[in-house]
Amino acid sequence: MAGCGREQGGRKLIGFSQANLGEPWRVAMNAEIAEAAKAHPDLEIVYADAQQDNARQVADVENFLRQKVDLLIISPNEAKPLTPIVKRAFESGVPVIVLDREIEGDSYTTFIGADNRAIGRAAGDFVAEALGGKGNVVEIRGLPGSTPARDRSDGFREAMAAHPGIRIVHDPVANWLREEAMTQMEAALSAHESIDLVYAHNDPMAVGAWLAARAKGRDSTIRFVGIDGLPGLDGGRQAVADGKLAATFVYPTGGREALQIAVKILAGDSVPHRVTLPTEKITRPAVP
Ligand code: FRU
């Protein structure tokens, strides 16, 4: 017997609500899900792009619920505004997989993502070593209401607490975006004559900061560290290989794992409440 979902000739419908498709990392996440779905012709996936807009993402999920999806996958733009609709979906009996960014509370089937606090700590350890325990750091933050921005900062500051010789002299918000990071870095460069390193919460912002420093002829005296480590020509791995970034930390999109867990849930198998994905430090010698 089918559950409460809409089945068509035995096919199951999955709604995937993406926070935005303006960032390469999210395009990669969608591609991973689509690729993994090829092995499951019994699944139909409908995609929605919230374009960084919380209200739009709420409407996307409402729309999926009206379509009676059998399962919801969501990568929420920000935690607080998306929590009520995710809770409503889950409590109405729709299994929910939350991907990468978290919501508040516990009303979902499975959360899949890497440990952002641990990544922040690992970045902090790298920074401390690279600076020999002394120097001025600019931290460029992601969208404040998204949990990775909070956790990547908390973990980084935990690591920094052991290194009083390192000062975070500037910590602007650039909302995960390269262009905003360029603007914020221009301000940081004007305000601080001495900057030794930039820690950005993702690679696009780290590269944006590098571009701003290069425009002022200061790129060779500052090191840049990011997170994501996407493969491909525009990805963070290449930025490390090119010497723009000193390091990046892989942040898997979890698209493949989300589809695997979805298949299990739809088959009635039990699944873990939390799946923690691994990270990896990428520095120059490690790049082929
Ligand atoms: C893309 C992105 C990634 C980052 C992740 C955090 O929207 O900004 O660069 O690692 O979201 O949720």
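Residues numbered from 1 in each chain as written. Predicted model: local features only at pLDDT ≥ 70, side-chain atom pairs only at ≥ 80, totals over all residues. Heavy atoms only, no water.

Considerations on helix H3 (residues 79-91)
Between its terminal C-alpha atoms H3 stretches 18 Å, which fits the 18 Å expected from 13 residues at 1.5 Å a residue. Residues of H3 that are buried sit in contact with helix H2 (54-66), strand S4 (71-74), strand S5 (96-99) and helix H5 (147-160). Remark: Gly-93 follows H3 within two positions and exhibits a positive phi of approximately 105°. (Helix = DSSP H or I, 4+ residues; strand = E, 2+ residues; numbered from the N terminus. Expected span 1.5 Å × (residues − 1). Contact = heavy atoms within 4.5 Å.)

Looking at unusual backbone geometry
The residue Gln-52 is not glycine, and still its phi comes out positive at about 65°. Take Gln-52: it is sitting in the loop between strand S3 (43-49) and H2. Given the relative accessible area of 39%, Gln-52 is considered partly exposed. Backbone geometry places Asp-100, a non-glycine residue, at a positive phi of 70°. In this fold, Asp-100 is placed in the loop between S5 and strand S6 (110-114). Judged by relative accessible area, which is 2%, Asp-100 ranks as buried. (Buried < 20%, exposed > 50% of the residue type's maximum accessible area, 1.4 Å probe, protein only.)

With respect to the packing of aromatic side chains
One pass over the structure, following the stated rule, counts three aromatic pairs. With centroids separated by 6.0 Å and ring planes inclined at 80°, the aromatic side chains of Phe-16 and Tyr-47 adopt a geometry described as edge-to-face. Taken together, the residues span a long stretch of sequence, with Phe-16 in strand S2 (residues 11-18) and Tyr-47 in strand S3 at a distance of 31 residues. Relative accessible area serves as the criterion here: at 0%, Phe-16 is assigned to the buried category. Taking the relative accessible area as the measure of exposure, Tyr-47 reaches 39% and is therefore partly exposed. On the basis of an interplanar angle of 20° and a centroid distance of 5.2 Å, the ring pair of Trp-25 and Tyr-251 is categorised as stacked. With Trp-25 in helix H1 (residues 24-37) and Tyr-251 in the loop between strand S11 (247-250) and helix H9 (255-266), this residue pair connects regions lying 226 residues apart in the sequence. The same class applies to Trp-25 and to Tyr-251, which are both buried. Over the ring of Tyr-251 we find Arg-152; its NZ or CZ atom is 4.3 Å from the centre of that ring. (Phe/Tyr/Trp six-rings, centres within 6.5 Å; stacked < 30°, edge-to-face > 60°. Lys NZ or Arg CZ within 6 Å of the ring centre and 35° of its normal.)

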